[in-house]
Amino acid sequence: MKVGIIRFPGSNCDEDAWFAVVEHLRERAIMLWHKDHDLQGADVVILPGGFSYGDYLRAGAIARFSPIMREVAAHAQRGGIVLGICNGFQIACEAHLLPGSLLRNDRGYRAIPVTIRVEQTNTPFTAAARVGQCLTMPIAHGEGNYYAEPETVAALERNRQVLFRYTTPDGAVEDSANPNGSVHGIAGICNEGRNVVGMMPHPERA
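What you see as residue numbers is a count from 1 along each chain, following the sequence as written. Since the coordinates come from a predicted model, pLDDT governs what is reported: local features require at least 70, and pairs of side-chain atoms require 80 or more to be given and counted, while whole-chain, interface and lining totals use all residues. Excluding hydrogens and water, the side-chain values take into account all heavy atoms of the structure.

For every residue, the accessible area obtained with a 1.4 Å probe (protein chains only) is divided by the maximum for its type, and the residue is called buried under 20%, exposed over 50%, and partly exposed between those limits. Every helix listed is a DSSP run of H or I at least four residues long, and every strand listed is a run of E at least two residues long, numbered separately from the N terminus. Among the six residues that make up strand β9 (residues 162-167), six are buried, leaving the element largely enclosed by the rest of the structure. Only when DSSP finds a minimum of two bridges between them are two strands counted as paired. Note that strand β6 (residues 110-118) and β9 share four bridges and pair antiparallel. Bridge pairing links Thr 115 to Thr 167 in β9. Looking at chain direction, β9 and strand β10 (residues 186-190) are connected through three bridges and run antiparallel. Each bridged residue has a counterpart across the sheet, and for Phe 164 the counterpart in β10 is Gly 188.

Here we take up the side chain of Asp 14. Checked against the element boundaries, Asp 14 lands in helix α1 (residues 14-24). Under this definition, polar contacts are N or O atom pairs within 3.5 Å; protein pairs additionally need one hydrogen-donor-capable and one acceptor-capable atom, and for neighbouring residues in sequence, both atoms have to be side-chain atoms. One polar contact links Asp 14 to Arg 7, side chain to side chain, over a distance of 2.5 Å. We call two residues in contact whenever any of their non-hydrogen atoms come within 4.5 Å of each other. Beyond its immediate chain neighbours, meaning those up to four positions away, Asp 14 contacts Ile 5, Arg 7, Met 31 and Pro 48.

So, on to the sheet that holds strand β4 (residues 81-85). Read across the open sheet, the nine strands follow the order β2-β1-β3-β4-β11-β10-β9-β6-β7; overall the sheet is mixed. Each edge of the sheet is formed by a strand with only one pairing partner; in this case those strands are β2 (28-33) and β7 (134-141). The average angle at which neighbouring strand axes cross in this sheet is 25°, direction not considered. Looking at chain direction, strand β1 (residues 2-7) and strand β3 (residues 44-47) are connected through three bridges and run parallel. Within the sheet, the bridge partner assigned to Gly 4 lies in β3 and is Val 45. Think of each axis as a best-fit line through the C-alpha atoms, taken over the contacting stretch in the case of a helix, with angles from 0 to 180 degrees between the N-to-C directions.

Here we come to helix α4 (residues 150-158). Think of an α-helix as 3.6 residues a turn; residues three or four steps apart then line up on the same face. Buried residues of α4: Val 153, Ala 155 and Leu 156, and no others. End-on view of α4: buried residues confined to an arc of 160°, all on one side of the axis. Exposed residues lying more than 90 degrees from the buried face of α4 are Pro 150, Glu 151 and Arg 158. Of the surrounding secondary structure, the elements contacted by the buried residues of α4 are β8 (145-147), β9 and β10. The first or second residue beyond α4 is Arg 160, which carries a positive phi of 60°. In this description, one arc is meant: the one made by directions from the helix axis to the C-beta atoms.

Here we come to the pattern of salt bridges. Side-chain pairing between opposite charges can occur once the charged atoms of the two side chains come close. Basic side-chain nitrogens of Lys or Arg form a salt bridge, by our definition, when they fall within 4 Å of a carboxyl oxygen of Asp or Glu. Within this structure, the stated rule accounts for eight salt bridges. Across the salt bridge formed by Glu 143 and Arg 104, the nearest N and O atoms sit 3.6 Å from each other. In this pair, Glu 143 sits in the loop between β7 and β8 while Arg 104 sits in the loop between β5 (101-103) and β6, placing the two residues 39 residues apart along the sequence. Residue classification places Glu 143 among the buried residues on the basis of a relative accessible area of 15%. Since its relative accessible area comes to 58%, Arg 104 is described here as exposed. Here Arg 107 and Asp 106 are joined by a salt bridge, their closest N and O atoms 3.4 Å apart. Within the structure, one salt-bridge network assembled from shared partners comprises Arg 117, Glu 119, Glu 157 and Arg 165.

Set out below in structure tokens:
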């Protein structure tokens, strides 16, 4: 497997993603610059965390217009695998690879460990997990408050596209466990094709 990691101006988790892929998964990884027009044969694309373009306008709003994003969108449309982490999730939503948007946290910037519960295992990223499994990993964001119109959220729930939800360590969905105000405690979702995943917590830092 060959993993392409997109590097935008302001990315700061690209090296973490590279380390996770190469040192832990023992797979090949390449860095792709935001102005590139070629994914260089990557099977999987990672949109890493950080502050692309300084998060001017809105987090991910400028990065969606980078030349490489045309290739990422085409890759996803062909069924290629894409993972957006934190700022990468924001970019994926801005590029309409995923529904909804990430708003400013209702509790300010948060950089803490959180618990997320696995809701679905029918994607390439969750296939090795089990439904109900609780995972601990860090968050570090100011705009991670997932929002979508009620009918969109209902469709996500109905189509089993909610992959991760913020919970207490024992798996209970409570307001106190929601670090940013995300609707339904949503921490990660996938598209209808299940090949594009976005999540706010950082698995590559765990």
